Amino acid sequence: MKRRVVITGLGPITSLGIGKDAFWKTLAAGKSGIRKISTFDTSHLRSQIAGEIQGFDPADYIDKKDAVTMDRVCHFSIAASELAVRDSGIQLERDAGIIVGTGLGGIITDDAQHQIFHTKGYRFVHPLTIPMSMYNASACHISQRFGVKGAGFTLSTACASGTHAIGEAYRLIKHGYADVNLAGGSEATLSQGIFTAWCAMRILSRRNDTPEQACRPYSKDRDGMVLGEGAGFVVLEELTHAMNRSATIYAEIVGYGSSYDASHLTAPDVHGQAMAMERAIREAEIEPEQVDYINGHGTGTALNDRVETETAKRIFGQRAYAIPMTSIKAQVGHTLGASGAIGLIASCLSLKDNLIPATVNYTEPDPECDLDYVPNTARKANLDVVMTNSFGFGGNNGVLLIRRFTQD
C-alpha cells in the first residue's frame, strides 16, 4: 500500500530566528546568524565563531523544574516540535509516531560531567547524567509532552540524521504504519570540550574577525565550515488525514533516498551521494530534469563542495548548470544532525513563496564549483520540485524530494 504524505507543520529553531516566520524572513533577506561564541572562552582556539542561538529561553516551552533535568538538545527538540504542532494546528492522537535524528545527542551534559569528574571528583557527577545525555532523550520527552505512543525511534547518522529521520517517518506513513508522524533533527554541540575537538580537525573557518562573512559555500576562497546549533521538526500526515481536517499543506514528500559511501570515514564520495539522489528520484517517479532547485549540503569546506558539485553533474548532466543549488549554512551554520530538517523547512518555504534563498558570502567563482549557486541575493523562481541533500561523516547520505501539492 502506497499512500501520499504531506507536510503540514514547520518548527525551526535556528540562529536566524525561532519559528518559521522569523527564520524565513531573515533567511530570505540574506542575513547571517553567525557570531562570536558567547557561552565559553574561545580566545585560545583557532575558530571562535558559530551559529549560536540567542534569545532562546527553555522556560517558554518547558517547566523550569523539568528543564534543569534536560540537556540543551532536548530544549531545542521540545521547542521545535511544539512549534511544528502549533503551526500544523493538529491535535496529536495517541498512535502518532516520533522519529528524531541527532548526531551527538546530549553531548553538552556529557562534556560538562566529564570535566566535573576530572576536576572535582566522582561524588560531584550529576545523578541524571545518563538520562540527560542519552541520544533518545529528545524523543522520550516529546512523547511525554504530547502523550503519543506510536512507532518511534532515534537515528544518529551524523549530518544526515535529520533527513533520515524525516525520510523514515515518511516511509512509515506511505506504507500504512501510521497516519501522523512528528519528525526532525536536533543538535546542541557548543560546549568547550566538543568545540575544541572540532577545532582540532582543522575544518572550521578561521575568519573570526568577520563572523557573518566566514562561511562561504562553493566560493573559491572558502576556508571551512562554521558550526551551528538548533533544531527543525515537521508534522507529516497521510493526505486524506490532512484534508479531513482542512490542514494547510506546505508540500508533498515524493521521494527519499539513503546510501553509504563505503569508502572513507570523513571524506565525501560521488558514488555514494549519487546513489542517494538516484533512489530519491526513482521513488518520486520523476525525471531528473523535473527538479527545479537543490537545497545543497554546501558546508564551505574545499572537498565537500567540490564533491557535491560533481555529484550534481553526474545525476543531471548538462542540466545541472540550469538547476540552482544553494546552501543556507553560510547563514545558520552547520547544525549537523539538525541540518537536513532545517534545510527541508527552508525548502518548503521556498515552494510556498517561489523564492530561492541565496548562497551568501559567495565572492569568487571556483572552476571546480561552476554551477548556479544563486550568489548573495535571493531569487524568485517558479518551483514545483525541490531536492534537499544531506551528506554526513561516516559516509551517510540522505536525500529528500518534495513537490508542490496538487490534488491530482
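Residues numbered from 1 in each chain as written. Predicted model: local features only at pLDDT ≥ 70, side-chain atom pairs only at ≥ 80, totals over all residues. Heavy atoms only, no water.

Quick notes on empty space enclosed by the protein
- Summed over all chains, the structure comprises two cavities of 30 Å³ or more.
- Taken as a whole, the largest cavity spans an internal volume of roughly 90 Å³.
- Together, 15 residues line the largest cavity, and Asn295, Ile328, Lys329, Ser339 and Gly343 are the ones closest to its centre.
- At the level of elements, α12 (329–332), α13 (339–353) and β14 (385–392) are the ones that each hand at least two residues to the lining of the largest cavity.
- No other element matches the four residues that α13 contributes to the lining of the largest cavity.
- When grouped by side-chain class, the residues that make up the lining of the largest cavity number three nonpolar, eleven polar and one charged.
- Along its surface, the second largest cavity is lined by Val73, Cys74, Val100, Thr102, Gly105, Met134, Tyr135, Ala137 and Ser138.
- Classifying every residue of the lining of the second largest cavity by side-chain character gives six nonpolar, three polar and no charged. (1 Å grid on protein atoms, 1.4 Å probe; cavity = no way out; pocket = protein on both sides within 12 Å on 5 of 7 lines; lining within 4 Å. Points joined across faces, edges and corners; volume = space filled by probe spheres on them. Helix = DSSP H or I, 4+ residues; strand = E, 2+ residues; numbered from the N terminus. Nonpolar A, V, L, I, M, F, W, Y, C, P; charged D, E, K, R; others polar.)

So, unusual backbone geometry
- Even without being a glycine, Ser246 presents a positive backbone phi close to 55 degrees.
- Examined against the element boundaries, Ser246 turns out to sit in the loop between α9 (239–244) and β9 (251–260).
- Judged by its relative accessible area of 65%, Ser246 is exposed. (Buried < 20%, exposed > 50% of the residue type's maximum accessible area, 1.4 Å probe, protein only.)

Looking at the pairing of β9
- For β9, the buried fraction is high: eight of the ten residues fall into the buried class.
- As paired strands, strand β1 (residues 5–14) and β9 are joined by three bridges and run antiparallel to one another. Note that in β9 the partner of Ile7 across the bridge is Ala251.
- Sheet topology note: the β9/strand β15 (residues 396–403) ladder contains eight bridges and is antiparallel. The residue bridging Ser258 from the neighbouring strand is Gly398, located in β15. (Pairing = 2+ DSSP bridges.)

Regarding the packing of helix α1 (residues 20–28) against α13
- For the pair α1 and α13, the least separation of the axes is 11 Å and the interaxial angle reads 75 degrees. Between α1 and α13, the angle is such that the two are roughly perpendicular. Note on element contacts: α13 touches α1 through Ile342, Ile345, Ala346, Leu349, Ser350 and Asp353, opposite Lys20, Phe23, Trp24 and Leu27.
- Of the residues that constitute the contact of α1 with α13, the class distribution is seven nonpolar, one polar and two charged. (Axes fitted to C-alpha atoms, helices over the stretch in contact; angles between N-to-C directions. Parallel < 35°, antiparallel > 145°, perpendicular 65-115°, else oblique. Contact = heavy atoms within 4.5 Å.)

Description of the environment of Met277
- With respect to the secondary-structure elements, Met277 resides in helix α10 (residues 270–284).
- Through-space distance from the C-alpha of Met277 to that of Tyr293 is 13 Å; in sequence the pair is 16 residues apart.
- Beyond its immediate sequence surroundings of up to four residues, Met277 is in contact with Thr311, Ile315, Met387, Asn389, Phe391 and Val399.

Description of the packing of aromatic side chains
- For the structure shown, the criterion picks out six aromatic pairs.
- The interplanar angle of 20 degrees and the centroid separation of 5.9 Å between the aromatic rings of Phe56 and Tyr61 together place this pair among those described as stacked.
- With a relative accessible area of 11%, Phe56 lands in the buried category.
- Using a relative accessible area of 13% as the deciding quantity, one classes Tyr61 as buried.
- Where Tyr218 meets Tyr373, the ring centres are 4.2 Å apart and the plane angle is 10 degrees; that geometry is what we call stacked. Of this pair, Tyr218 sits in the loop between α8 (192–200) and β8 (230–238) while Tyr373 is found in the loop between β12 (355–356) and β13 (379–380), placing the two residues 155 residues apart along the sequence. Here Tyr218 matches Tyr373 in class, with each residue buried. (Phe/Tyr/Trp six-rings, centres within 6.5 Å; stacked < 30°, edge-to-face > 60°.)

Thoughts on the packing of α10 against helix α11 (residues 302–316)
- Axis separation between α10 and α11 bottoms out at 9 Å; the angle between their running directions is 45 degrees. Taken as axis vectors, α10 and α11 run oblique relative to one another. Helix-helix and strand crossings are classified by hand; for α10 and α11 the assignment is right-handed. Touching Val270, His271, Gln273, Ala274, Met277, Glu278 and Ile281 of α10 are Val307, Glu308, Glu310, Thr311, Arg314, Ile315 and Phe316, all from α11.
- Its residues assigned to classes, the contact of α10 with α11 shows seven nonpolar, three polar and four charged. (Left-handed = near helix turned anticlockwise from the far one by under 90°.)

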